[in-house]
Amino acid sequence: MVAVAVLGLATGSSAQLQYGFYNGKCGANDVEAVVQSVVRARFARDAPIVAYLLRMQFHECAVNGCDGGLLIDGPGTEKTAVPNLSVKGYDLIADVKAELERQCPGVVSCSDIQILATRDAVALAGGQPYAVRTGRRDRRQSRASDVVLPAPESTAAQSVAFFGNLGLSPFDTVLLLGAHTVGVTHCSVIKNSRLYQYGGRAGVTDPALDPYYAFVYKTWVCPNTAASDNNIVFLDDQWSALRLDNNYYKLLQSNRGVLPADQNLYGDWSTRWIVDLLANSDLFPSIFPQALIKLGEVNVLTGAQGEIRKVCSNFN
Ligand code: HEM
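Residues numbered from 1 in each chain as written. Predicted model: local features only at pLDDT ≥ 70, side-chain atom pairs only at ≥ 80, totals over all residues. Heavy atoms only, no water.

Asks: Sorry if this is basic, but what is going on with the environment of Arg133 here?
Replies: For Arg133, the location among the structural elements is in strand β2 (residues 133-134). Note on Arg133: relative accessible area 13%, which makes it buried. When the C-alpha atoms of Arg133 and Ser14 are compared, they prove to be 8.9 Å apart, with 119 residues separating the residues in sequence. At a separation of 2.8 Å, a polar atom in the side chain of Arg133 contacts the main-chain carbonyl oxygen of Ser14. (Helix = DSSP H or I, 4+ residues; strand = E, 2+ residues; numbered from the N terminus. Buried < 20%, exposed > 50% of the residue type's maximum accessible area, 1.4 Å probe, protein only. Polar contact = N/O pair within 3.5 Å; in protein donor to acceptor, adjacent residues only side chain to side chain.)

Laid out in C-alpha cells, this is it:
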C-alpha cells in the first residue's frame, strides 16, 4: 500500500476513472467545454471563485472522498458542519449542473463537475492547465458527523498525517496548502492563536509571526474587539492574493504565513525544505495540479455505485 501511494498508482474505484469519460455521452456537446465556459464567465466577474472552488474540493474530497456529499442541502448534512459554514461556490456548481442537465439530463455527476470546475478556475488563475479523469458518481449519503478536517492550528506533523491518511505524501501536503496562495481567512480564526492569546496566554503574540505584520494586524486589520471577528485577512498578501503563484511559500520564509498551520510548515524541518524548494523555484504553478489530481481521486464512486444527481443539492 505504501509503495502504491508513493508511486501514485490508482487503486480501487479511482482506477475506473477515465480521461474523456463523457466523450460522446452528451449528444454533440463537449461536457468539459460546457463546464469551462461557465467557469470562465464567472471568473471574469468574480475571480475569488478560484478560492471558493479550491477550498470546496478540499472539504469535499477529504470527507468520504470526492462524492458530492458536501453539496447536499438539509439538516445534518456535511454542508452544515462548522468547518463548512464558510465554504462558498455552491451556486457555480448548480449553474454548471443546470446547463448540463439542459444539454443531456442525468449524465454528468456533481462530483465530476466540482473537479472539472476547480481545474478550470486554477488554470484561469495562473496554474498550469491539467487533464483530469472523470467518471465519478454521487454518493447517496451526507452526514455532518463525518466531517473531520484539520484545525487551523495544526502542526506540520498533523497536516502531513491528515493527508497521509488520504494516501497523499508530505510533499503533496505542502503543495496542497499552497492553495492558500489565493483566498482569505477571518480575523476570528487567528486572533487567539496568533495575535492575542498565543499558547493560551493573554496578551501574547505568536513569536513566529513577523513583528511588523503582527503590528499591522493588531492595529488595523484585526483589532482586539469582537467587531473585528469577521474582518478578512488575505492568506497571501493582497497584491498576489488571487494569483496561483509561489508567493505563499515566500511569505512562510519571512514568517508572514497567516494561519498557524501555514507557518508551521516552515517551522518544522521535515517540511521546511519543501517550502524552500517551492519558494525558490518556479515549480509551484506547474506541479500544484499533480497534488490536486491526487486529492480529486480520493475514494471516488464509479460504475454502478451511487447515482447521477439531477440537482446537486438533493439526492434523486
Ligand atoms: C492543514 C490543512 C488546512 C487547514 C488547517 C486549512 C484551514 C483553512 C482556514 C481556517 C481557512 C479560512 C476559513 C475562513 O476564515 O473562512 C482556509 C481558507 C482556504 N483554504 Fe484552507 N486549510 C487547509 C488546507 C487546504 C487545502 C488542501 C486547500 C485546497 C487544496 C485549501 C484551500 C483554501 C482556500 C482556497 C481558502 C480561501 C477560501 C476563501 O477565500 O473563501 N485549504 N483554510
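Asks: I keep staring at the side chain of Thr302 and nothing clicks. Help me out?
Replies: Mapped onto the elements of the fold, Thr302 is located in the segment after α13 (284-295). Residue classification places Thr302 among the buried residues on the basis of a relative accessible area of 3%. Apart from residues lying up to four places away in sequence, Thr302 is in contact with Ser13, Gln16, Leu17, Gly135 and Arg137. (Contact = heavy atoms within 4.5 Å.)

Asks: For this particular structure, what's the right way to read the layout of surface pockets?
Replies: To locate leftover empty space, one rolls a probe as large as a water molecule over the atoms. By volume, the largest pocket is sized at about 1100 Å³. Lining the largest pocket we find 38 residues, and of these Arg55, His59, His180, Val184 and Leu259 sit closest to its centre. Of all the secondary structure elements, the ones that give two or more residues to the lining of the largest pocket are α3 (49-61), α6 (156-165), α7 (170-177), β3 (184-186), α8 (187-196) and α13. Considering every element that reaches the lining of the largest pocket, the biggest residue donor is α3, with six residues. Of the residues that constitute the lining of the largest pocket, the class distribution is 26 nonpolar, 10 polar and two charged. (1 Å grid on protein atoms, 1.4 Å probe; cavity = no way out; pocket = protein on both sides within 12 Å on 5 of 7 lines; lining within 4 Å. Points joined across faces, edges and corners; volume = space filled by probe spheres on them. Nonpolar A, V, L, I, M, F, W, Y, C, P; charged D, E, K, R; others polar.)

Asks: For this particular structure, what's the right way to read the domain arrangement of the protein?
Replies: Much of the literature gives interface size as the accessible area that the parts lose upon coming together. We note that the domain assignment places domain 1 (8-149) and domain 2 (156-291) within the protein. A separation of 25 Å is found between the C-alpha centroids of domain 1 and domain 2. Counting from both sides, the interface comprises 16 residues of domain 1 and, opposite them, 13 residues of domain 2. For the domain 1 and domain 2 pair, buried surface summed over both sides reaches about 1200 Å², with 77% attributable to carbon and sulfur atoms. The largest per-residue losses of area from domain 1 upon contact with domain 2 belong to Leu54, Ala125 and Gln128, which jointly make up 32% of the total buried on that side. Across the domain 1-domain 2 interface, the total number found is three residue pairs in polar contact (both at pLDDT 80 or more). Among the elements that line the side of domain 1 that touches domain 2, the one with the most residues is α3, at four residues. (Domains from an automatic or database assignment. Buried area = accessible area lost by both parts, 1.4 Å probe.)

Asks: Even after reading the chapter, I still don't get empty space enclosed by the protein, so can you show me in this structure?
Replies: What the rule picks out here adds up to one cavity of 30 Å³ or more. Taken as a whole, the largest cavity encloses approximately 40 Å³ of empty space. Together, Gln57, Ile115, Tyr130, Val132, Leu292, Ile293 and Gly296 line the largest cavity. For the lining of the largest cavity, a count of residues per class yields five nonpolar, two polar and no charged.

Asks: Even after reading the chapter, I still don't get the site of the ligand, so can you show me in this structure?
Replies: Near the ligand lie 24 residues; those nearest to it are His180, Gly183, Val184, Thr185 and His186. Here Val184 contributes a backbone N or O atom positioned 2.9 Å from an oxygen atom of the ligand. Thr185 has a polar side-chain atom sitting 2.9 Å from an oxygen atom of the ligand. The cavity where the ligand resides is the largest pocket. Elements with a minimum of two residues in the shell around the ligand: α3, α6, α7 and β3. The biggest single contributor to the shell around the ligand is α3, with five residues. The class makeup of the residues in the shell around the ligand is 17 nonpolar, six polar and one charged. (Near = heavy atom within 4 Å. Sits in = over half its atoms within 2 Å of the grid points.)

Asks: Sorry if this is basic, but what is going on with the packing of helix α11 (residues 260-267) against helix α12 (residues 269-279) here?
Replies: The angle between the axes and the distance between the axes are what describe a pair of packed helices. At their nearest, the axes of α11 and α12 sit 5 Å apart, and the two run at 95° to each other. As far as their axial angle goes, α12 and α11 are roughly perpendicular. Where α11 abuts α12, its residues Asn264, Leu265, Tyr266 and Gly267 lie against Trp269, Thr271, Arg272, Val275 and Asp276. Looking at the contact of α11 with α12 residue by residue, the classes come out as four nonpolar, three polar and two charged. (Axes fitted to C-alpha atoms, helices over the stretch in contact; angles between N-to-C directions. Parallel < 35°, antiparallel > 145°, perpendicular 65-115°, else oblique.)

Asks: I would appreciate a short explanation of the coordination of the iron atom of the ligand in the present structure.
Replies: Each pair of donors in an ideal four-coordinate tetrahedral metal site encloses 109.5 degrees, whereas pairs in an ideal six-coordinate octahedral site enclose 90 or 180 degrees. Only one protein atom coordinates the iron atom of the ligand: His180 (NE2), located 2.1 Å from the metal. Structurally, His180 can be placed in the loop between α7 and β3. (Donors = N, O, S within 2.8 Å, 3.2 Å for Na, K, Ca; no water.)

Asks: What exactly am I supposed to notice about helix α9 (residues 211-221) here?
Replies: Along an α-helix, a turn takes 3.6 residues, which lines up residues three or four apart on a common side. The set of residues buried in α9 consists of Tyr213, Ala214, Val216 and Tyr217. One side of α9 holds all its buried residues, which, seen down the axis, span an arc of 165°. More than 90 degrees from the buried face of α9, the exposed residues found are Pro211 and Tyr212. Looking at where α9 begins, the residue whose side-chain oxygen comes 3.1 Å from the main-chain nitrogen of Tyr212 is Asp210. (Arc of directions from axis to C-beta.)

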